Number of protein chains: 2
Amino acid sequence: MHSTFFRFCLIILCIQPSLISSAQTFISDMDQMKWEKVAPGVWKTTIGQMDLNPLDYSASPKMQALTNLGDPAFPFNTEATLSQKTKERVVVRLPLEEKEKIYGLGLEFESINRRSNVYTLKVDHYGGVKGYTHAPVPFYISSEGYGVLINSAKRVKIHVGVGNRKDSHLPPYVDRTTGGSAWQARPTSDAVEASIQGEGLEVYVFSGASPLEVVQRYNLFCGGGVLPPKWGLGFWHRMHTQSSDEDVLQEIRDFEENNFPLSVIGLEPGWQSFAYPCSFDWDSTRFPDPKGFLNRMTEKDIKINLWENPYVAPSSTMYDPIKPYTGSHTVWLGEVPDYTIPEAREVLLSHHQKNHIELGVSGYKFDEVDGYDQWLWPDHATFPSGYDAVEIRQLYGTIIQNTFTEHFRKQNQRTYGLVRSSYVGASNQSFVIYSDYYGHKGYVTALVNSSLAGILWTPEIRSANSSEEWVRRFQTVCFSPLMMLNAWSSGLKPWSFPEVTDIVRENIELRIKLMPYLYTEFHAYEREGIPPFRAMVLERGFESATKKVGGKLDDVKNPYAEQALLEVTDQYMMGPSILVAPVFTGETDRKVVLPAGNWYDFYTGDLVGNGETITIQPTLDKIPLFVKDGALIPMLTTLDVEDANQTLEVRYYGSKPGSFQLYNDDGNTFDYESGEFTITDLAVSVKKNKLQGTQKVSNNLGYGYKQVEWVWMSR
Amino acid sequence: MHSTFFRFCLIILCIQPSLISSAQTFISDMDQMKWEKVAPGVWKTTIGQMDLNPLDYSASPKMQALTNLGDPAFPFNTEATLSQKTKERVVVRLPLEEKEKIYGLGLEFESINRRSNVYTLKVDHYGGVKGYTHAPVPFYISSEGYGVLINSAKRVKIHVGVGNRKDSHLPPYVDRTTGGSAWQARPTSDAVEASIQGEGLEVYVFSGASPLEVVQRYNLFCGGGVLPPKWGLGFWHRMHTQSSDEDVLQEIRDFEENNFPLSVIGLEPGWQSFAYPCSFDWDSTRFPDPKGFLNRMTEKDIKINLWENPYVAPSSTMYDPIKPYTGSHTVWLGEVPDYTIPEAREVLLSHHQKNHIELGVSGYKFDEVDGYDQWLWPDHATFPSGYDAVEIRQLYGTIIQNTFTEHFRKQNQRTYGLVRSSYVGASNQSFVIYSDYYGHKGYVTALVNSSLAGILWTPEIRSANSSEEWVRRFQTVCFSPLMMLNAWSSGLKPWSFPEVTDIVRENIELRIKLMPYLYTEFHAYEREGIPPFRAMVLERGFESATKKVGGKLDDVKNPYAEQALLEVTDQYMMGPSILVAPVFTGETDRKVVLPAGNWYDFYTGDLVGNGETITIQPTLDKIPLFVKDGALIPMLTTLDVEDANQTLEVRYYGSKPGSFQLYNDDGNTFDYESGEFTITDLAVSVKKNKLQGTQKVSNNLGYGYKQVEWVWMSR
């Protein structure tokens, strides 16, 4: 947790009038915002007095990286940035051009374009209300190359280009009765308007030459992305909730026998003596010797991740020390710690350090930190810190992430875990979000949107109605930040659908072999804030194939003659070069929208198109992957991700010259921050239609691959 | 609109300590509420300072009727009624017994028991969030015989028996991990807790010997129920939006030709020169001569109802006078009047009186006064009265209802119309709620719940996918407060499914012939607050067949092992004697839960059961109706509801002695309030197994039926 003091001490620079376009003058009872520059390309305004500051629970800005990214101008007319403090609310109004598209606002499962909608950004299970989600981050990105963060721990209600003011430059008045086709159910407005019920908030503006640069700047301002330990990018398997230490050992043997790789075992509620609420103490019947159990796991090179919810059972050994710091209401009759209080965090950490981490536990899965209202404390609950229960709920997952991220960092040990809620400033936290919701298409849309919100998301696989669905879901999770089978209830294994076991294994192995490429991209996330998995709208040369459909008046189905937006939310980029196009159960063909430039089939190297929409007929065994012209994809030739002595296969696609700066380090510690890493410069030159591959290892500390096999995929 | 002054001047009587059970002492940081008696069986407490008071827009309490209802004691331990004012909220906590059932909270479409749920009571379209509905009335009724109104124009968030406090008498702590079957996903709590974000609210408690008596007391406190004009209980038909005066005349001829009764024609948006937003001015091409058109309607004894939304088009002749009283934001680019300002209401009324009502318009359908957020003004909008935009939205429909109800009353003319939102204190308003939602089962549940919230609801028919659905929906709407085909989009007529035209006609005719019975029951609503259509839980001797089902842990479908409540929401009472059991498309049989006592088939008079659940095989032509032992059902023998000279058929069911006080009046004015009505005492005595019917007309002002034909149905 860094002090806000530092953030505020950054050079403050008022916007020069010369930077302001004087295109239009606003007449309004609102106040013009005053902007301070707090980092290159980042500005801030403060309205009123806020309570909890979400950014207090993120890492400090990466100032050097922000400086490297350049120093662009303030992105719009400051005269059009307005605020208002009323008796009950703080209101902000920011300008919007007619053709602008707006993305972001957190982990949405349904669409990517946020325009013409209202979102109530509330940490909750997903479902029902627009903006109720596990990570309702009040940060949006414009297609015009800027981003806005409404920094508040309150629930931000945001009207994105909808809700027209009388004093706005309105679209012309068009009447519905007389049947004008220009009539709009939601008339285009010239503003984003957001409000909170509370005393104050901050607004940050992030400039950028492109939406990707805006995302980078936001992530860097929040401390950059996270570089997971290498084991975190391997295969995760979660045990049935009632499993014992012996069951875990048997499961590991089964993985070996079935020839499936395995990095992490997750233990679900039953590892504890009590859960719902939790004791945080080992169950003595299922895990009589935790230390011995964890030693055996270390011998087998398997990491252990523990499930928890934050609610403290009366029978927990943590109960007495935490009791002075709990709120007025219980959750499942367990007490609710107020982790805004440093002493409460200390109780949490010392219990976990002593009982789990010291014994070898690698990380956690923090469940039930999101919602629903019928399970968590009411909005009117009171907490000993005096902070509003709404704010505490909004930040609960974030504070826990931050607490453990910092704690593991102090041990010089990287962690990687799961959490069911997140919020502002989370890019540097070593956690991945998941959901109880289980729509496969929604999962892919969430993966797309996570890249626009500074968060990581796993489309975990839990079960399937058919072997086809099993494969399709496995393929998606293999191409995501965390590759996990979550079998806490089903007890399923990767080989539970025997007819597709080989296919599932091959997909997992492909992901593992892509580790050099993927790990390098996570390093770019950490260092430059570039999300490793990202929305197509962050890709240059991608024309989102959005178009309006519908609009036919109907008394049952469409009484407002509303139009829906067709968007591309079912494909995404993994790193700079690989386009992933997951297939859903029942699909025999699918469309893929290719950005500008030549694109090649990952598996065959064949040219498939250039800046166009293609239709493919995918087979069951492979997830469609497409590679950019000139791309180098470094891959392992064994499944041993630690072994730098193995031959590195570098696949090259297309015909343009290309290069790749391969990153590698010890995979476990933070020593890379003091230079303990290796960069291998891979390059392909084209001379007289002849391809030539070169490699150059710099700063070789044993993490450079010595043998490289070049594979010319498109020849 | 009555002054709150009057309400507050009622005798204030502090609760005597002797009335308080001293069963348990609460340790809490909350304050004990102080109760004042404001009417017999009605108590009030005020916490803080509220802004808009919803009860300012209801009629004055019917004090004489409240006195007649008796003077019961305060229903629970006042020590357990607690409140708290925090920086941002007002919180109330009221006790709950373990076995208590809670009903109400407005127009819900899904269930009747509110326990173990959280509702955010927000005026909105129905869908998504629990408590977002057209009439989210913060009034609940306990199975133990009391009711509570949280009187606030803010959105009340209410936790009904869910959300356990540390200082509560909690259920014993049970752990999930160890598989205890007593573990609850939502542990039973001992309180209802509600909160608003704001400065103050009022709480009212209503005592009663039964849930029905509680509802009566609430309705009487809000001015009693509404007695519609007789034409309002006839058949309503809404025209296609683009219809002209000639189309209306043709439609009336078509009704005559097809031999269908018709009372009211509703004109949809196109009657206006502009709609979305509205001009409130006649369209000169479709209605070139409104006065002449309305004169012709009067000649044909057809009432005209006009559709409107409240948003004022720049081209409206009402635009200039209303402009000073409009809010910061527009809706469909129309200005939003602030009708909390008396001058704004005056502009509205004078325009409507001059342009519509004086010409003969009978009433209105006020649309778009509910939601969604993407259409209406934002919560942060500002209004010239200075009232919070949230409160103005919550009361918008109520204020408009009240404005027009009072206006028509001043003309000594009853109106009956439609509105898409309502709230506290609406029982006396001459409006019926409808929805864009169109689930048939949900419509019946809404009809059930409306009786628990002081509102009327129409399950209007708009379209159907089959002739079976057409019939089933028609049957339901024929047994509801407003019998209407809403064909604004579909253009359908009652005879649009020719194979069932006769069935549809017979059902409409049955409803019309039941007018003497139904009109008497509406009079009981007006005078005694007894809802004419009501939930089975308001019926003595009804054992709600609720039971818990489910609870099987499943990672996809039920990860919290939640149980669902099976409830009876698909049958209801019409008046004191008729049980209505609508049939839904595709059903070949259905269960009917009969309260205690003998019940008879309405059509055959056959005994069907007593205090039991029966299964019936309904035919398509009839809606299943069951009648209580000893019931007298007075029915017309013609379709002329005005003609008191026709023979009155009185059906008698069962074998117990019975009576019915038949009410009748001029059907149009408020003269009944000064005694201008007729009561006909109908009675059946049983002597030596012989039935004898008698009638006695008192206060005969020409509204008594002279000829009675007794029909002994069960002989």
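Everything discussed here concerns the structure shown above.
Residues numbered from 1 in each chain as written. Chains lettered and ligands numbered in written order. Predicted model: local features only at pLDDT ≥ 70, side-chain atom pairs only at ≥ 80, totals over all residues. Heavy atoms only, no water.

Helix and strand content of chain A: 12 helices and 38 strands. Overall, chain A is about 75 × 70 × 55 Å in size when its C-alpha atoms are taken along their principal axes. Out of the 715 residues belonging to chain A, those deemed buried represent 67%. Once local pairs closer than 6 in sequence are excluded, the contacts in chain A between residues at least 24 apart make up 73%. Computed over 67 positive and 86 negative side-chain charges, the separation of the two mean positions in chain A equals 4 Å. (Helix = DSSP H or I, 4+ residues; strand = E, 2+ residues; numbered from the N terminus. Buried < 20%, exposed > 50% of the residue type's maximum accessible area, 1.4 Å probe, protein only. Contact = heavy atoms within 4.5 Å. Lys, Arg positive; Asp, Glu negative; His and termini not counted. Charge placed at Lys NZ, Arg CZ, Asp CG, Glu CD.)

Moving on: the packing of aromatic side chains. The description of an aromatic ring pair uses the distance of the two centres, along with the angle that the planes make with each other. Residue and element names in this part refer to chain A. Counted by the stated rule, this structure contains 106 aromatic pairs over all chains. With 4.7 Å between their ring centres and 80° between their planes, Phe76 and Tyr146 make a pair best called edge-to-face. Of this pair, Phe76 sits in the loop between helix H2 (63-68) and strand S4 (82-85) while Tyr146 sits in strand S10 (residues 146-151), placing them 70 residues apart in sequence. The exposure classification of Phe76 matches that of Tyr146, with both residues buried. (Phe/Tyr/Trp six-rings, centres within 6.5 Å; stacked < 30°, edge-to-face > 60°.)

In the segment running from Gly371 of chain A into Tyr372 of chain A, the intervening peptide bond is cis, with an omega of -10°. Its place among the elements puts Tyr372 of chain A in the loop between strand S19 (363-366) and helix H8 (389-410). A cis amide bond links Tyr276 of chain B to the next residue, Pro277 of chain B, at an omega of -5°. When you line up the elements, Pro277 of chain B lands in the loop between strand S15 (264-267) and helix H5 (290-299). Even without a glycine there, the phi angle at Phe280 of chain A is positive, about 60°. Looking at where Phe280 of chain A falls in the secondary structure, it is placed in the loop between strand S15 (264-267) and helix H5 (290-299). Under the relative-accessibility criterion, Phe280 of chain A is labelled buried at 1%.

What follows deals with the interface of chain B and chain A. Listed by partner, the interface residues are 89 residues for chain B and 88 residues for chain A. A salt bridge links Lys157 of chain A to Asp379 of chain B, with the nearest nitrogen and oxygen atoms 2.9 Å apart. Where chain B packs against chain A, one counts 29 residue pairs in polar contact (both at pLDDT 80 or more). Going through the elements one at a time, strand S5 (89-95), strand S7 (117-123), strand S11 (156-160), strand S12 (191-197) and strand S17 (326-331) of chain B are the ones with two or more residues in the side of chain B that touches chain A. The leading source of residues in the side of chain B that touches chain A is S17 of chain B, at 5 residues. Looking at the side of chain B that touches chain A residue by residue, the classes come out as 31 nonpolar, 29 polar and 29 charged. (Salt bridge = Lys/Arg side-chain N within 4 Å of Asp/Glu carboxyl O. Polar contact = N/O pair within 3.5 Å; in protein donor to acceptor, adjacent residues only side chain to side chain. Nonpolar A, V, L, I, M, F, W, Y, C, P; charged D, E, K, R; others polar.)

What follows covers the relation of the copies chain B and chain A. In screw terms, the move from chain B to chain A is a rotation of 180° and a rise of 0.0 Å along the axis, fitting with an RMSD of 0.0 Å. In short, the pair behaves as if placed about a two-fold rotation axis. Residue Gly128 of chain B of chain B places its C-alpha closer to the rotation axis than any other residue of that unit, at 2.1 Å. Most of the interface of chain B is mirrored in chain A: 99% of its interface residues are interface residues there too. (Least-squares fit on C-alpha atoms with pLDDT ≥ 70 in both.)

Now for the pairing of strand S18 (residues 334-337) of chain B. Residues and elements named next belong to chain B. In this sheet, S18 lies alongside S17 in antiparallel orientation, the contact comprising 3 bridges. Bridge assignment links Thr330 to a residue of S18, and that residue is Glu335. The antiparallel hairpin formed by S17 and S18 contains 2 residues in its connecting segment, where Trp332 sits at a positive phi of about 50°. (Pairing = 2+ DSSP bridges.)

Okay, the sheet that holds strand S26 (residues 572-574) of chain A next. Strand pairing within a sheet occurs via backbone hydrogen bonds; the two strands may be parallel or antiparallel. All names here are of chain A. Taken together, 6 strands build an open sheet; the order of strands is S23-S26-S27-S32-S29-S30 and the sheet is antiparallel. Of all the strands in the sheet, the pair left with one neighbour each is strand S23 (533-535) and strand S30 (607-610). Averaged over neighbouring strand pairs, the angle between their axes works out to 35° when direction is ignored. Bridge analysis of strand S27 (residues 578-580) against strand S32 (residues 625-628) gives 3 bridges, and the strand direction is antiparallel. For Leu579, the partnering residue across the bridge sits in S32 and is Phe626. (Axes fitted to C-alpha atoms, helices over the stretch in contact; angles between N-to-C directions.)

All names here are of chain A. Strands sit in the order S33-S34-S38 across an open sheet of 3 strands; the sheet is mixed. Single-partner strands in this sheet number two, and they are strand S33 (632-635) and strand S38 (708-712). Each neighbouring strand pair of the sheet contributes to a mean axis angle of 20°, computed without reference to strand direction. Relative to S38, strand S34 (residues 648-652) runs parallel, the two sharing 5 bridges. Across the sheet, Tyr652 pairs through a bridge with Trp712, a residue of S38. Its contacts with the sheet put helix H12 (residues 515-528) on S33 and S34, and the angle it makes with S33 is roughly 110°.

A few words now on the environment of Lys300 of chain A. Residue and element names in this part refer to chain A. With respect to the helices and strands, Lys300 occurs in the loop between H5 and strand S16 (303-308). Separated by 209 residues in sequence, Lys300 and Glu509 place their C-alpha atoms 19 Å apart. Those residues within four positions of Lys300 in sequence are excluded, and the remaining contacts are Leu249, Ile252 and Glu256.

Should the charged atoms of two oppositely charged side chains come close, the side chains can pair. In this structure the tally under the stated criterion is 84 salt bridges over all chains. Close ionic contact of Arg238 of chain A with Glu268 of chain A constitutes a salt bridge, the shortest N to O distance being 2.3 Å. Pair noted here: Arg238 of chain A is in strand S14 (residues 235-238) and Glu268 of chain A is in the loop between S15 and H5, with a separation of 30 residues, a long-range link. For the residue pair Arg238 of chain A and Glu268 of chain A, the accessibility class agrees, reading buried in each case. Between Asp373 of chain B and Arg393 of chain B there is a salt bridge; the shortest N-O distance is 2.7 Å. In this pair, Asp373 of chain B is assigned in the loop between strand S19 (363-366) and helix H8 (389-410) and Arg393 of chain B in helix H8, connecting sequence segments 20 residues apart. With a relative accessible area of 1%, Arg393 of chain B lands in the buried category.

All names here are of chain A. Tracing the sequence through the fold places Ser685 in strand S36 (residues 677-687). Residue classification places Ser685 among the partly exposed residues on the basis of a relative accessible area of 26%. The spacing of Ser685 and Gly630 is 55 residues in sequence and 9.5 Å in space, taken between C-alpha atoms. Excluding its chain neighbours within four sequence positions, the residues that come into contact with Ser685 are Lys690, Leu691 and Gln692.

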